[in-house]
Amino acid sequence: MKKIAMQSVQMAIKLVPSPIREKVKRSERLTTFYSQSIRRSGLTYGEPTKRTKKKLYREFVSHHNKLIENVSFRNESADLLVVVAGESGHEKTIQNLKSLNLPYVIWPAKKDEKGCPEFNELLLNQNTGSHVLLINAGDILRPQSCYMMSALLQQDSYDLLYCDTDITADPKKPGSPHFLPDWNPELQLSAGYVSTGVLIKRELLNTVQLSAVSIAGLTSELWLQKSDMRIGHIPSVLVIRDEEAHARQEVSALEDIARLTKQHSDAVPALNVEQKINHVQWPVKEQPLVSLVIPTKNAKELVKACIDSIREKTLFKNYEIILIDNGSDEKESLEYFASLDALPEIRVIKYPGPFNYSAINNFGVSHANGEIIGLINNDIEVIKPDWLTYMVGHAMRDDVGCVGAKLLYSDGCIQHAGVVLGYGGGAGHAHKYFPRYHPGYMKRLLATQNYSAVTAACLLVKKSKFLEVGGLNEQDLAVAFNDVDFCLRVRETGVRNVFCAEAELYHHESVSRGLDVAPEKAARFNRELEYLRSQWHGYISHDPAYSPNLTLKRENFSIKRREEFTALGPTTF
């Protein structure tokens, strides 16, 4: 009944004239009440219905076809060899390749008595093609695919290029599009998201010895050996995948990736067959000291729940807690903080003055002894005991900067699973309000992956990296977007930021916190939003962790609606 009631309310709201709706939105009490009611109804974490998805995709396909209709397929410009991977189901693919007059070879990808077949040996016997295009048995190439990919590979000097795909039971009908982000190494190792439609320079393949037995594994193995290679992405559906074949290939490809990850790195992968995800644990060899910085003003019960959960549940034990008291004046809070200060692993340090989230955390870091800094909100509560083990494993890697966690509201809905730039013209949380156990778009709620930014409600980073970029921005971003700005500055130093899906914690207080719509708060928020937009407009116009084919109107990974269409992918060659 609650769900039906909220649906009726939503429909009624749409009938209210826009000026009145905008006026109501400025009421902090009403907007907070409405958002909480929507979430509690279980109505909306924003995922469109199957019918809506099909409609949106049909509109997208129509728009996209107009963009590429003038791109003619000229195979004389596409000097390539197509490698068809798979033990069976080649007939449809071969028929497609013959119609396009493309040379091909079948890669059985089957283990023999000696172990894995040699991909390199397969290529040695082929004289055709300066580029190699890998597709799975059962896949179909769109006529423009090879020319578009080859032209871009040569034009922009990429070593490897991949495209979006559509998974369908009937190639004549749009199915389930996979709109991919730009190159995302952690997502590749955990989910194998690039698994067909991969174009590679032949000269690159000649420089490495490969033992992969799948396209997803080969892509992963290339990166594990050549992490500096240039990888490009065409956000266009150029490969149509067979639904049945994809389901058959998925687990074996993840097994291949897990084997290769273990072979070429110190990481320990574990395949979750039910979720079809690799959980990758990076080693924590030296047990670095982690300084967990927790700012607070009063809020004894929140702080107690936070600290008790850390001390009682966390398996990784080499940490210190630095509680920053920003002007507490409640007797029971002060007494509790004094008792904490007597504990050997906890220090309570007073920070007088007005609330400035950036300044308070910078102050806390200046008192930290740890090699790793953990920025922790006072409303965080540990769920999974190995949260810190997984996060420290990532934070200690030379090529990783900030590491964020999966955060849940008290009711179990997703609060944070990575930050996407561009939502609402600024930034927002990926899959916000989705149920805890929902797989998300392309399993992106289950998979550890790279995002441009993560929230500082629970963030780990090397202290050296924190100091290198000057910490959080105290002057321009006292309250909002300071973590986004910080993560982007860290990313600009040449490292990747990571959302660690294995680390799960509650983020309680955010459920009931009011919106910044009081006049003075709204003015401050708008100033900070404008700073973010001016400073990071490039990421806001295109976040590499997100597809340009997906909406920025909602945090739900839905396909763009007609009014959001812009030029997608390469259109002139």
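Just above sits the structure.
Each value, and the rule that gives it
Residues numbered from 1 in each chain as written. Predicted model: local features only at pLDDT ≥ 70, side-chain atom pairs only at ≥ 80, totals over all residues. Heavy atoms only, no water. Helix = DSSP H or I, 4+ residues; strand = E, 2+ residues; numbered from the N terminus. Buried < 20%, exposed > 50% of the residue type's maximum accessible area, 1.4 Å probe, protein only. Contact = heavy atoms within 4.5 Å. Areas by Shrake-Rupley, 256 points an atom, 1.4 Å probe, with all protein chains shown as cover. Pairing = 2+ DSSP bridges. Core = buried A, V, L, I, M, F, W, Y, C linked by side-chain atoms within 4.5 Å. Phe/Tyr/Trp six-rings, centres within 6.5 Å; stacked < 30°, edge-to-face > 60°. Lys NZ or Arg CZ within 6 Å of the ring centre and 35° of its normal. Patch = residues over 30% accessible without salt bridge, like charges linked within 9 Å, V, L, I, M, F, W, Y side chains within 5 Å. Salt bridge = Lys/Arg side-chain N within 4 Å of Asp/Glu carboxyl O. Lys, Arg positive; Asp, Glu negative; His and termini not counted. Charge placed at Lys NZ, Arg CZ, Asp CG, Glu CD.

Caption draft 1: Region of interest: the overall build of the chain. Counting its regular elements, the chain contains 19 helices and 22 strands. Taking all 573 residues of the chain together, 58% fall into the buried category. The long-range fraction of contacts in the chain, counting pairs at least 24 apart against all pairs at least 6 apart in sequence, stands at 76%. Carbon together with sulfur atoms contributes 51% to the accessible area of the chain, which is approximately 24,800 Å² in total.

Caption draft 2: Up close: the environment of F466. You can see F466 is positioned in helix α16 (residues 463-468). Taking relative accessible area as the criterion, F466 reaches 2% and is therefore assigned buried. Sequence spacing of F466 and F486 is 20 residues, and the spatial spacing of their C-alpha atoms is 8.6 Å.

Caption draft 3: Region of interest: the pairing of strand β16 (residues 400-408). Burial runs high along β16: nine of the nine residues are buried. Pairing between β16 and strand β22 (residues 496-507): seven bridges, direction parallel. Bridging from a neighbouring strand, G404 pairs with F499 of β22. Here two bridges tie β16 to strand β21 (residues 458-462), and the two strands are oriented antiparallel to one another. If you follow V403 over to β21, its bridge partner there is L460. Across two bridges, β16 lies against strand β17 (residues 414-416) in antiparallel orientation. Note that in β17 the partner of L408 across the bridge is I414.

Caption draft 4: Structural context of the nonpolar core. In this structure, V83, F119, L218 and L222 are the most contacted members of the largest nonpolar core, which totals 108 residues. Broken down by element, this core gets its largest block of residues, six residues, from helix α10 (residues 215-225). Beyond its immediate chain neighbours, meaning those up to four positions away, L218 contacts W107, F119, L134, I200, L205, L210 and A212. Core analysis: the second largest hydrophobic core is formed by 38 residues, C306, Y336, C458 and C500 among them.

Caption draft 5: Summary view of the packing of aromatic side chains. Tallied over the entire structure, the rule returns 17 aromatic pairs. Between F466 and F486, the aromatic rings sit 5.2 Å apart at their centres with planes inclined by 50°, giving tilted as the arrangement. You can see F466 sitting in helix α16 and its partner F486 sitting in helix α17 (residues 482-491), a full 20 residues away along the chain. With centroids separated by 5.2 Å and ring planes inclined at 70°, the aromatic side chains of Y546 and F557 adopt a geometry described as edge-to-face. Pair noted here: Y546 is in the segment after α19 (537-541) and F557 is in the segment after α19, with a separation of eleven residues, a long-range link. The residues Y546 and F557 share a single accessibility class, namely buried. Of note, R397 hangs over the ring of W282, and the distance from its end group to the ring centre comes to 3.8 Å.

Caption draft 6: Main features of α17. Of all ten residues in α17, nine are buried, a share of seventy percent or more. Within the sequence span of α17, burial applies to N482, D483, V484, D485, F486, C487, L488, R489 and V490.

Caption draft 7: Molecular detail of the environment of P385. When you line up the elements, P385 lands in the loop between β15 (380-382) and α15 (387-395). Given a relative accessible area of 34%, P385 falls into the partly exposed group. In the structure, P385 is positioned 118 residues away from A503 in sequence and 8.5 Å away in space, judged by C-alpha atoms. With residues near it in sequence (within four places) discarded, P385 still touches K313, T314 and L315.

Caption draft 8: Local environment of a negative patch on the surface. Taken together, the side chains of E301, D329, E330 and E332 define an acidic patch exposed on the protein surface. Inspection of the secondary structure assignment puts D329 in the loop between β12 (319-325) and α13 (331-341). For D329, a relative accessible area of 57% corresponds to the exposed category.

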